[in-house]
Amino acid sequence: MEPLVIESLSKDYDGFRALDSLSLKVEAKSCTGFLGPNGAGKTTTIKILTSMLRATGGRAFLNGVDVTTDPKEALARVGAVVETPEFYPELTPIETLDYFARLRGIPSDRAKSRVMQVIDQVKMGEWKDQRIGKFSKGMKQRIAIAQALLHEPDLLVLDEPTAGLDPRGMAEVRDIIKALRLQGYTVFMSSHLLFEVQQLCDKVAVVDKGKLLIYDTVQNLSTKRHVLKLEVDLVGKIDTETYTKVCALDKVNGVQCPTATKMLIDFDGDTADRRTLLESLQRLGLQVYSFADAGVALEEFYMDLIKESR
Amino acid sequence: MAVTNAETGKYVLPSDFDQIITVTRVEFLRNLRRKRLLIFAIIIALVSALVLAVPPFFGGYPSDPILGPYSFAQNFTSTINFLIILLAVFYGGDALVSEFSNKTGYAIFPNPIRRSSLFMGKLFSSLLACVLVLGAYYIIIAASMIAVYGTLVIELLYSFLFAVLYMSACLGVAFAISALMKSTVSALVLTFVLFLFVLSMLSGILMFAKVRAEPLLTFQAGVISSFLNGPYPGFFPPPEQSYNVTRFDFVVYNPTVMNGIIVCTVWLVVSLLLAYVVFRRREMLG
């Protein structure tokens, strides 16, 4: 049984359709990135999954229980971080997490040790007895992640989990997510950061205007047409003749020259083809000193998808 | 009692009742931490000190052997409507809206807890805090009465019980406003304005027009003090008292106990139902 199944989920806000028959199945022990521009329907979907919004139509099953009809049971084995939540400012992290532990039925003897464990996991041990009202946004985000992990859920639903964190905090949260994946958690996370999704997720769902545009593995998306972008650095400038020759090479779909000594090549080929391309470039007399993935493959693909949908 | 499921090894969710108790405890702890109880303790201490300290400078406490203790207690309850309104505003005004406007709902709503349990927990915690303050005030009145007159009148208990009912109705209205409003500040201000100005003003206008303000909640507050007019029911003020001062005819309308109980109960039930329905259906937008 898939831990997350969305069936024809729709949501209207005063005549505006934020979600339009969205369907999606998230496999167990996978990490799925949920991508889309602002207003695409990502947060709306996550809010419906976490019982903050009512769906206009459709259903959403969390571990087999429909959250639209039985949210209490559906959310029992789900941990969620939605936006950057606020916590009761009068309470400390320990009291807050103990509160959530009680609501989730964790016995008090086990709750104590588990609360300390997750506090250490998100590196908040130093502030565990301070009132949350004094905390920064980043610290609150760590507490949010801690409460999502508290009951060792089967499914983690994360809405932009690194939002509001400083670069070090972002890296730490990504490390936590990577570790959770290794521990067998199923993660469903939205993000604006494409490289983050590329780094953490094995599958990607792209939505726009409330509709699912594509849902595939990161690997598959990266090998699709226009997706692979190669960055080539040269010793010496690129002239018009060389540019034309590179454009004419096999499996090259386009060439951009952001600087006089750099080329970004849209390439439609596998690893062997890449080796052939490098040899071809050298045969053309180009002195290549760097030849690598541009690291923006998903972004390119994403931009194409969104452009097509609009 | 929380246990783990033998098959899955996962925690079994507590019952709604257990969750209500958990919410009540935490909300009450928050009330304690917010120092509102301390503020109310200071208010009732100041009012009590004034009521006890001022009369000796102006001829002493009422000396009538039968009505003296009643008049003495009535001095305390003359300000009780204001105290109850303050309690409703501070313990009900932001109870529900803050989950949305302060974004704490983003943390609490994804938990496996029904909105009804959250609502009940918050309501019980607010009621508990209000009854504690009100009870403390009545204990001061009772203790002072014993100290000054060496006696205690049963009507003080009647007055307290009605004050609790009236306060619960006010709290219900505050919860309804809290569920409906978008921001915490606007909920607090509207609750305060409604009780202190709108309802009081309407009461005054209706009395001027010689119409009983029976359906108005604040009109019923008079029952709290009326119990302390003298031994009940003989000294309880009549529903209407006509006065003729020079060329002016006017009628003073007094609330009755039965109508007071009915009106407060209706306000309590209707406002809590409204608050619950709105809170349960309200979405976490923005």
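Above this text you will find the structure in question.
Now for a quick tour of the structure. The numbering scheme is per chain: residues are counted from 1 as the chain's sequence reads. Throughout, the order in which chains and ligands are written sets their labels, letters from A for the former and numbers from 1 for the latter. For a predicted model such as this one, the threshold for reporting local features is a pLDDT of at least 70, and the threshold for listing and counting side-chain atom pairs is 80 or more; totals across whole chains, interfaces and linings nevertheless cover every residue. With hydrogens and water stripped out, all remaining heavy atoms of the structure feed into the side-chain values.

### Description of the overall build of chain B
Heads up, the rule is: The numbering of helices and of strands both runs from the N terminus, where a helix is a DSSP run of H or I of at least 4 residues and a strand a run of E of at least 2. Think of it in three bands: residues with accessible area under 20% of the maximum for their type are buried, residues over 50% are exposed, and the middle band is partly exposed, with areas taken using a 1.4 Å probe on protein chains only. Residues count as neighbours in contact if any of their non-hydrogen atoms are within 4.5 Å of one another. Surface exposure here means Shrake-Rupley accessible area, sampled with a 1.4 Å probe, where a residue is shielded only by the protein chains that are shown. When charges are counted, Lys and Arg are positive and Asp and Glu negative, with His and the chain ends excluded. All charge positions are set by atom: Lys at NZ, Arg at CZ, Asp at CG, Glu at CD.
Helix and strand content of chain B: 11 helices and two strands. Taken from the N to the C terminus, the helices and strands of chain B come in the order α-α-α-α-α-α-α-α-α-α-β-β-α. Viewed in the frame of its principal axes, chain B has a C-alpha envelope of about 80 × 45 × 30 Å. Each of the 286 residues in chain B was classed as buried or not, and the buried ones make up 48%. Considering only residue pairs separated by 6 or more positions, chain B has 77% of its internal contacts joining residues 24 or more positions apart. Accessible area of chain B: about 13,200 Å², with a carbon and sulfur share of 72%. Counting 18 positive and 12 negative side-chain charges, chain B places the averaged centre of each group 11 Å from the other.

### Quick notes on the overall build of chain A
The helix and strand inventory of chain A stands at 11 helices and 14 strands. Projecting the C-alpha coordinates of chain A onto the three principal axes gives extents of approximately 75 × 45 × 35 Å. Looking at chain A residue by residue over its 310 residues, the buried ones come to 52%. For chain A, restricting intrachain contacts to residue pairs at least 6 apart in sequence, the fraction spanning at least 24 positions comes to 66%. Accessible area of chain A: about 13,500 Å², with a carbon and sulfur share of 48%. Across chain A, the centroid of the 41 positively charged side chains sits 2 Å from that of the 44 negatively charged ones.

### Focus: the layout of surface pockets
Selection rule: Of the grid points, spaced at 1 Å and generated over the protein atoms alone, those admitting a 1.4 Å probe that cannot get out make up cavities, while open sets with protein on both sides within 12 Å along at least five of seven lines make up pockets; any residue with an atom within 4 Å of a point is treated as lining. Grid points are joined across faces, edges and corners, and a volume is the space filled by probe spheres set on the points. When residues are sorted by character, Ala, Val, Leu, Ile, Met, Phe, Trp, Tyr, Cys and Pro go into the nonpolar class, Asp, Glu, Lys and Arg into the charged class, and all the rest, Gly among them, into the polar class.
One number sums up the size of the largest pocket: a volume of about 580 Å³. Around the largest pocket sit 26 residues that line it, and Ser51, Arg54 and Pro71 of chain A together with Arg115 and Arg280 of chain B are the ones nearest its centre. Broken down by secondary-structure element, the contributors of at least two residues to the lining of the largest pocket are α2 (71-74) of chain A together with α7 (115-149) and α11 (257-281) of chain B. Grouping the constituent residues of the lining of the largest pocket by class yields 12 nonpolar, six polar and eight charged. One number sums up the size of the second largest pocket: a volume of about 400 Å³. Listed by contribution, the elements that provide at least two residues to the lining of the second largest pocket are β2 (16-26) and α1 (42-49) of chain A.

### With respect to the sheet that holds β2 of chain A
Residues and elements named next belong to chain A. Keep this limit in mind: For two strands to pair, DSSP has to find at least two bridges joining them.
What the four strands build is an open sheet, ordered β2-β1-β4-β5; its pairing is antiparallel. This sheet does not close on itself; its edge strands, each paired only once, are β2 and β5 (65-66). The pairing of strand β1 (residues 4-13) with strand β4 (residues 57-62) spans five bridges and is antiparallel. Each bridged residue has a counterpart across the sheet, and for Ser10 the counterpart in β4 is Gly57.

### Concerning the sheet that holds strand β9 (residues 203-208) of chain A
Residues and elements named next belong to chain A. Stated formally: Here, axes are lines fitted to C-alpha atoms. For helices the fit covers the stretch in contact, and angles between N-to-C directions go from 0 to 180 degrees.
Taken together, six strands build an open sheet; the order of strands is β6-β7-β8-β3-β9-β10 and the sheet is mixed. At either margin of the open sheet sits one strand with a lone partner, and together these are β6 (78-81) and β10 (211-217). Ignoring which end each strand starts from, the neighbouring axes of this sheet average 15 degrees apart. Both β9 and β10 contribute to a ladder of six bridges, which runs antiparallel. Looking at the pairing, Asp208 lines up with Lys211 of β10.

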